[in-house]
Amino acid sequence: MSSTPSPQVPPSSSAPGTVRPGGRTARTRAAVRDAVLAGLVEYGYPGLTVEYVAEQSGVHKTTLYRRWGGVEGLVADALDLAGEDTWTPPDTGTLRGDLRALAQQVVDTFGDPAAGAAPAAFIAAAFQSERAAEALRAFYAERFARCAPLVERAAARGEVPAGTDPGSLARAVSAPLFFRLFITREPLDDTVAGQAADAALAAARAGVFASPA
């Protein structure tokens, strides 16, 4: 599953960092997002400042405070914006192929230092900021929801029971990989990815992730 940190537009009364400007302000938001990403990668959440984002983005810090409220709002919106993409789950023709492709995406992302730096920084920020944690949970909840067609296709082919939960299945694929990445700090490779996918597949076939009748 793509791990790059998925951004919606609440009313103007929403908390700073939740309003998604559009139109002519979209470029400003993108520039701010890029500056936040660069700061997180270089300094981590504790070292990220509004002043740094202002300098890197060219957006005055007064505007940043007014629109995003501070560092927490900036990080939350950057994570949200990162998910405004066209990612869809794999469609290889079999559930095993789809799950292996999802696992491989994690390996490919974090196996590339340049590609993995930003998502790793976001995950680290979520341990230090509740706003970032909320944004990260929302990002992955939306990602899991996008996996629904993958499960629906598999159920239609008779590969898993009807009512299999897409989020539970997607978590089962990625959890062993993230454990190795962020807990035991073990390397990832194609073999590990395949093992994670096959274990999740076996559980799904056994009905572990199916809703109770």
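Residues numbered from 1 in each chain as written. Predicted model: local features only at pLDDT ≥ 70, side-chain atom pairs only at ≥ 80, totals over all residues. Heavy atoms only, no water.

1. Side note on the pattern of salt bridges
So, point 1. Here the structure, examined in full by the defined rule, presents 13 salt bridges.
So, point 2. Here glutamate 51 makes a salt bridge to lysine 61, at a shortest N to O gap of 3.8 Å. With glutamate 51 in helix α2 (residues 50-57) and lysine 61 in helix α3 (residues 61-68), the pair connects residues that are 10 residues apart, well separated along the chain.
So, point 3. Here lysine 61 falls in the partly exposed class, since its relative accessible area comes to 38%.
So, point 4. Notably, a salt bridge pairs aspartate 198 with arginine 96, separated by 3.1 Å at the nearest N-O pair. Of this pair, aspartate 198 sits in helix α10 (residues 190-205) while arginine 96 sits in helix α5 (residues 95-111), placing them 102 residues apart in sequence. (Salt bridge = Lys/Arg side-chain N within 4 Å of Asp/Glu carboxyl O. Helix = DSSP H or I, 4+ residues; strand = E, 2+ residues; numbered from the N terminus. Buried < 20%, exposed > 50% of the residue type's maximum accessible area, 1.4 Å probe, protein only.)

2. Notes on the environment of leucine 40
So, point 1. With respect to the helices and strands, the residue leucine 40 is situated in helix α1 (residues 26-47).
So, point 2. By relative accessible area, leucine 40 is classed as buried at 3%.
So, point 3. It is 9.2 Å that separates the C-alpha atoms of leucine 40 and alanine 124, two residues lying 84 residues apart in sequence.
So, point 4. With near-sequence residues (within four places) excluded, leucine 40 lies in contact with Tyr45, Leu48, Val75, Ala121, Phe122 and Ala125. (Contact = heavy atoms within 4.5 Å.)

3. Quick look at the packing of aromatic side chains
So, point 1. Throughout the structure, instances matching the rule amount to 7 aromatic pairs.
So, point 2. Where phenylalanine 110 meets phenylalanine 178, the ring centres are 5.6 Å apart and the plane angle is 80°; that geometry is what we call edge-to-face. Note that phenylalanine 110 is positioned in helix α5 and phenylalanine 178 in helix α9 (residues 166-182), a separation of 68 residues in sequence. Phenylalanine 178 matches phenylalanine 110 in its accessibility class, with the two residues each being buried.
So, point 3. Between tyrosine 140 and phenylalanine 144 the ring centres are 6.1 Å apart and the planes differ by 35°, which places this aromatic pair in the tilted class. Highlighted residues: tyrosine 140 and phenylalanine 144, both in helix α7 (residues 130-146), separated by 4 residues, approximately one helical turn. The pair tyrosine 140 / phenylalanine 144 is uniform in exposure class, with both members buried. (Phe/Tyr/Trp six-rings, centres within 6.5 Å; stacked < 30°, edge-to-face > 60°.)

4. Some remarks on empty space enclosed by the protein
So, point 1. As a volume, the largest cavity reaches approximately 30 Å³.
So, point 2. Lining the largest cavity are Arg29, Val32, Arg33, Val36, Trp68, Leu74, Asp77 and Ala78.
So, point 3. The set of elements that each furnish at least two residues to the lining of the largest cavity consists of α1 and α4 (71-82).
So, point 4. For the lining of the largest cavity, the element with the highest residue contribution is α1, accounting for 4 residues.
So, point 5. Considered class by class, the residues forming the lining of the largest cavity number 5 nonpolar, no polar and 3 charged. (1 Å grid on protein atoms, 1.4 Å probe; cavity = no way out; pocket = protein on both sides within 12 Å on 5 of 7 lines; lining within 4 Å. Points joined across faces, edges and corners; volume = space filled by probe spheres on them. Nonpolar A, V, L, I, M, F, W, Y, C, P; charged D, E, K, R; others polar.)

5. Quick look at α9
So, point 1. Over its 17 residues, α9 runs 23 Å from end to end, which matches the ideal 24 Å to within 8%, given 1.5 Å per residue.
So, point 2. Along its length, α9 shows its largest kink, about 35°, at serine 174, and proline proline 176 lies within four residues downstream of that point.
So, point 3. If you check which residues of α9 are buried, you get Pro166, Gly167, Leu169, Ala170, Val173, Ser174, Leu177, Phe178 and Leu181.
So, point 4. Where α9 is buried, its residues meet α5, α6 (113-126), α7, α8 (148-156) and α10. (Expected span 1.5 Å × (residues − 1). Bend = angle between axes of the 7 residues up to and from the residue.)

6. Here's the deal with the UniProt feature "DNA-binding region" (unreviewed entry) in the protein chain
So, point 1. Per the UniProt entry, the sites bearing "DNA-binding region" (unreviewed entry) are residues 49-68 in this numbering.
So, point 2. Taken end to end, residues 49-68 comprises 80% helix and 0% strand; its first and last C-alpha atoms sit 13 Å apart. (UniProt positions renumbered as here; feature names shortened; annotations may be inferred.)

7. Some details on the nonpolar core
So, point 1. Ranked by internal contacts, the top residues of the largest apolar core, which has 62 residues, are Val36, Leu40, Val53, Leu64, Val75 and Leu99.
So, point 2. Examining the composition of this core, we find that 8 residues originate from one element, α10, more than from any other.
So, point 3. Structurally, this core is a two-domain feature, drawing no fewer than three residues from each of domain 1 (11-82) and domain 2 (95-205).
So, point 4. Residues contacting valine 53, with those up to four places away along its chain left out, are Val32, Ala35, Val36, Leu48, Gly58, Leu64 and Leu74. (Core = buried A, V, L, I, M, F, W, Y, C linked by side-chain atoms within 4.5 Å. Domains from an automatic or database assignment.)

8. Here's the deal with a negative patch on the surface
So, point 1. A contiguous patch of negative charge, built from Asp108, Asp112, Asp189 and Asp190, is present on the exposed surface.
So, point 2. Considering the arrangement of structural elements, one finds aspartate 190 in helix α10. (Patch = residues over 30% accessible without salt bridge, like charges linked within 9 Å, V, L, I, M, F, W, Y side chains within 5 Å. Areas by Shrake-Rupley, 256 points an atom, 1.4 Å probe, with all protein chains shown as cover. Lys, Arg positive; Asp, Glu negative; His and termini not counted. Charge placed at Lys NZ, Arg CZ, Asp CG, Glu CD.)

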